[in-house]
Amino acid sequence: LIPSKRGWPDFLAWNPDGTLAFIAEVKKRPLSVLRPDQIRVMAALQKAGIPVKRYDPVSGFSDFDEAAEILRRRSCPKEQRRERRQDRKMARIK
């Protein structure tokens, strides 16, 4: 067990009656991708029955979709370069 604060969404939204409406991850740019730890935490919260949303200024609020976030990361050129660097780094370690 390793405690961590990484990956937790940015905001909680409450209903007027005090119940949790949803949890949201906010991105400043529409094409921003979620980090792997953010995807992992949001997927776990969603599986626990907590409504999870993503927000960006163009799309507004949208329901979190784990598969779509993974595909978004894989199609992002910046993330592709980062993954290749990480793969090369891991290959040197082995």
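Thresholds, definitions, all that
- Residues numbered from 1 in each chain as written.
- Predicted model: local features only at pLDDT ≥ 70, side-chain atom pairs only at ≥ 80, totals over all residues.
- Heavy atoms only, no water.
- Salt bridge = Lys/Arg side-chain N within 4 Å of Asp/Glu carboxyl O.
- Buried < 20%, exposed > 50% of the residue type's maximum accessible area, 1.4 Å probe, protein only.
- Helix = DSSP H or I, 4+ residues; strand = E, 2+ residues; numbered from the N terminus.
- Pairing = 2+ DSSP bridges.
- Right-handed = clockwise from strand over helix to strand, strands pointing away.

Caption draft 1: Summary view of the pattern of salt bridges. One pass over the full model with this rule turns up five salt bridges. The salt bridge involving Lys 27 is made with Glu 25; its shortest N-O contact spans 3.8 Å. Since its relative accessible area comes to 13%, Lys 27 is described here as buried. Between Lys 53 and Asp 63 there is a salt bridge, with the nearest N and O atoms lying 2.6 Å from each other. Separated by 10 residues along the polypeptide, Lys 53 in strand S3 (residues 52-56) and Asp 63 in strand S4 (residues 60-63) bring together distant segments of the chain. Overlapping salt bridges, with partners in common, bring together Arg 6, Arg 35 and Asp 37 in one network.

Caption draft 2: Geometry of the pairing of S3. Here S3 shows a clear split, with Val 52, Arg 54 and Asp 56 buried on one side and none of Lys 53 and Tyr 55 buried on the other. Relative to S3, strand S2 (residues 20-26) runs parallel, the two sharing four bridges. For Ala 24, the partnering residue across the bridge sits in S3 and is Lys 53. This β-α-β element, S2 to helix H1 (residues 36-47) to S3, shows right-handed connectivity. Across four bridges, S3 lies against S4 in antiparallel orientation. Each bridged residue has a counterpart across the sheet, and for Tyr 55 the counterpart in S4 is Phe 61. Counted along the chain from S3 to the antiparallel partner S4, the turn is three residues long.

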